[in-house]
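For reference, the chains in residue letters:
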Amino acid sequence: MEFIKKHPFLIVYFVLLVAAVVLKIGFGYILLGTLVFLVVVCLIRLPNTAAYLGYLFQGFWGKPDAAFKLYSFAYSHGSTAKAPKVAYAMQLMQKTRYEESKNALEDLLADEGLKPTLLKIVRQDVAIAYWNTGDVQRAIDTMEKMKEDYDLLSAEFFTTLGYFYVEAGDYEKAAETTETALSMDEGNGGAYDNLGVIAYKQGNLEEALELFTKALELKETMASSKYYLGLIYEQLGDEDQAKSYFTAAHNSNITGLNTVTREQVDEKYREYMDR
């Protein structure tokens with residue numbers, strides 16, 4: 001009975017297929033009927049069709065803007081597709097629409113039918129949403145609970161949690177958690193960026209400079225490392241180097257998932273361009 005509730009169109013198609021075989025309808029007509037049936041189902045379930053089409057545009061065809069339009073249509077018209085909704089929530093976060101992203105992820109968390117693998121992803125993503133909406137402690141609590149619930153977590157998970165501790169001002173815990181990430185992945189540029197922020201906030205500029213430089217060697221796209229290197233060289237009195245790093249940060253792709261904002265970066269960039 002549960003299967004019938006979840007897959008009513010599949011049951012209908014199976015019944016029609018059996019009837020076609022019993023009536024000895026030709027294969028060509030069966031194929032044509034199948035195509036017509038699929039089109040009808042797609043139209044009946046248009047919001048979900050749009051959501052999964054958006055998933056294809058984003059994941060396989062590399063067209064996030066087109067995907068976002070499809071997601072927006074799908075979820076404003078009641079789509080129940082789960083995996084595409086996670087992708088939509090993260091796109092909302094990238095666009096700094098943090099409250100909408102958090103709401104979408106919390107809706108998914110409330111769904112008791114969420115598969116374990118997807119649930120794990122949503123829990124980490126909603127923690128990021130909590131951080132972006134200003135509730136750092138809730139973000140930390142969410143991820144600490146995940147540490148209790150899961151034996152296997154990624155280096156990225158510990159890097160993110162480490163940064164949350166940086167934001168909370170607990171530099172000891174931030175360093176400890178980030179070192180866990182590095183023990184799992186020595187080439188983790190984000191972890192070195194974390195350690196650089198810790199050193200910078202504690203006034204250890206030379207150490208921070210080395211750490212941010214190492215972060216960029218491992219991951220040259222990190223806008224935060226470029227921004228902080230600009231701040232460090234500014235404090236060291238090297239305006240040319242500061243300008244170079246602020247320009248590099250300005251030219252980086254900065255979204256709502258970065259640990260520095262477009263506004264922060266561009267403020268320093270304009271300051272140096274006006275000189």
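Higher on the page you've got the structure.
Thresholds, definitions, all that
Residues numbered from 1 in each chain as written. Predicted model: local features only at pLDDT ≥ 70, side-chain atom pairs only at ≥ 80, totals over all residues. Heavy atoms only, no water. Phe/Tyr/Trp six-rings, centres within 6.5 Å; stacked < 30°, edge-to-face > 60°. Helix = DSSP H or I, 4+ residues; strand = E, 2+ residues; numbered from the N terminus. Buried < 20%, exposed > 50% of the residue type's maximum accessible area, 1.4 Å probe, protein only. Core = buried A, V, L, I, M, F, W, Y, C linked by side-chain atoms within 4.5 Å. Contact = heavy atoms within 4.5 Å. Expected span 1.5 Å × (residues − 1). Salt bridge = Lys/Arg side-chain N within 4 Å of Asp/Glu carboxyl O. Axes fitted to C-alpha atoms, helices over the stretch in contact; angles between N-to-C directions. Parallel < 35°, antiparallel > 145°, perpendicular 65-115°, else oblique. Left-handed = near helix turned anticlockwise from the far one by under 90°. Nonpolar A, V, L, I, M, F, W, Y, C, P; charged D, E, K, R; others polar. Polar contact = N/O pair within 3.5 Å; in protein donor to acceptor, adjacent residues only side chain to side chain.

**Concerning the packing of aromatic side chains**
Step number 1: Throughout the structure, instances matching the rule amount to 13 aromatic pairs.
Step number 2: Ring centres of Phe 246 and Tyr 272 lie 5.3 Å apart, and the angle between their planes is 45°; on these two criteria the pair is classed as tilted. Residue Phe 246 is located in helix H15 (residues 239-250), and its partner Tyr 272 is located in helix H16 (residues 262-273); the two are separated by 26 residues in the primary sequence.
Step number 3: Residue Phe 246 is classed as buried on the basis of its relative accessible area, which comes to 1%.
Step number 4: Assessed through its relative accessible area of 4%, Tyr 272 is described here as buried.
Step number 5: These aromatic residues form a ring-pair network of at least three members: Tyr 200, Phe 212, Tyr 227, Tyr 228, Phe 246 and Tyr 272.

**Observations concerning the nonpolar core**
Across soluble globular proteins, you tend to see nonpolar side chains buried next to one another.
Step number 1: One finds Phe 164, Tyr 200, Phe 212, Tyr 227 and Tyr 228 to be the most contacted residues of the largest nonpolar core, which totals 64 residues.
Step number 2: When neighbours within four sequence positions are excluded, Phe 164 is seen to be in contact with Ala 127, Ile 128, Trp 131, Val 136, Ala 139, Ile 140 and Met 143.
Step number 3: With 11 residues, the next largest nonpolar core counts Ala 50, Tyr 71, Ala 74 and Leu 92 among its residues.

**Let's talk about H16**
Step number 1: With 12 residues, H16 ought to run about 16 Å at 1.5 Å a step, and its terminal C-alpha atoms sit 16 Å apart, in line with that.
Step number 2: The secondary structure elements touched by the buried residues of H16 are helix H14 (223-235) and H15.

**Looking at the pattern of salt bridges**
It is possible for side chains of opposite charge to pair when their charged atoms get near one another.
Step number 1: If you walk through the whole model with that rule in mind, you get 12 salt bridges.
Step number 2: Note that Asp 149 is salt-bridged to Lys 145, the shortest N-O span being 2.9 Å. A residue pair is termed a helical-turn pair when its members lie 3 or 4 positions apart in one helix, as Asp 149 and Lys 145 do in helix H9 (residues 136-149) at four residues.
Step number 3: Overall, the relative accessible area of 37% leaves Asp 149 in the partly exposed class.
Step number 4: For Lys 145, a relative accessible area of 39% puts it in the partly exposed group.
Step number 5: For Glu 234, the salt bridge is made with Lys 268, and the minimal N-O distance between the two is 2.8 Å. In this pair, Glu 234 is assigned in helix H14 and Lys 268 in helix H16, connecting sequence segments 34 residues apart.

**A few points about the packing of helix H12 (residues 189-201) against H14**
Step number 1: Between H12 and H14, the least distance of the axes is 10 Å, while the angle of their chain directions is 30°. When the axes of H12 and H14 are compared, the pair comes out roughly parallel. Considering only the axes of H12 and H14, their crossing is left-handed. Mapping the contact onto sequence places Asp 193, Val 197, Tyr 200 and Lys 201 in H12 and Ser 224, Ser 225, Tyr 228, Leu 231, Ile 232 and Gln 235 in H14.
Step number 2: Looking at the contact of H12 with H14 residue by residue, the classes come out as five nonpolar, three polar and two charged.

**Looking at unusual backbone geometry**
Step number 1: Phi is positive for Thr 96, which is not a glycine, with a value near 60°.
Step number 2: Within the fold, Thr 96 resides in the loop between helix H6 (82-94) and helix H7 (98-109).
Step number 3: For Thr 96, a relative accessible area of 47% corresponds to the partly exposed category.

**Points about the environment of Phe 158**
Step number 1: Take Phe 158: it is sitting in helix H10 (residues 155-168).
Step number 2: In this structure the C-alpha to C-alpha distance between Phe 158 and Met 143, which are 15 residues apart in sequence, comes to 9.0 Å.
Step number 3: Discounting chain neighbours no more than four positions away, the residues touching Phe 158 are Lys 147, Leu 153, Thr 177, Thr 180, Ala 181 and Met 184.

**Quick look at the packing of helix H5 (residues 64-76) against H6**
Step number 1: With their axes 10 Å apart at the nearest point, H5 and H6 run at an angle of 115° to one another. Viewed along their axes, H5 and H6 adopt a mutual orientation that is roughly perpendicular. In the crossing of H5 with H6, the sense of the turn from one axis to the other is left-handed. The residues of H6 that touch H5, namely those facing Pro 64, Ala 67, Phe 68, Tyr 71, Ser 72 and Tyr 75, are Pro 84, Lys 85, Ala 87, Tyr 88, Gln 91 and Leu 92.
Step number 2: Split by residue class, the contact of H5 with H6 holds nine nonpolar, two polar and one charged.

**Here's the deal with the side chain of Gln 91**
Step number 1: Looking at the element boundaries, Gln 91 is found in helix H6.
Step number 2: A polar atom in the side chain of Gln 91 sits 3.2 Å from the backbone oxygen of Pro 64.
Step number 3: Beyond its immediate sequence surroundings of up to four residues, Gln 91 is in contact with Gln 58, Pro 64, Ala 67, Phe 68 and Tyr 71.

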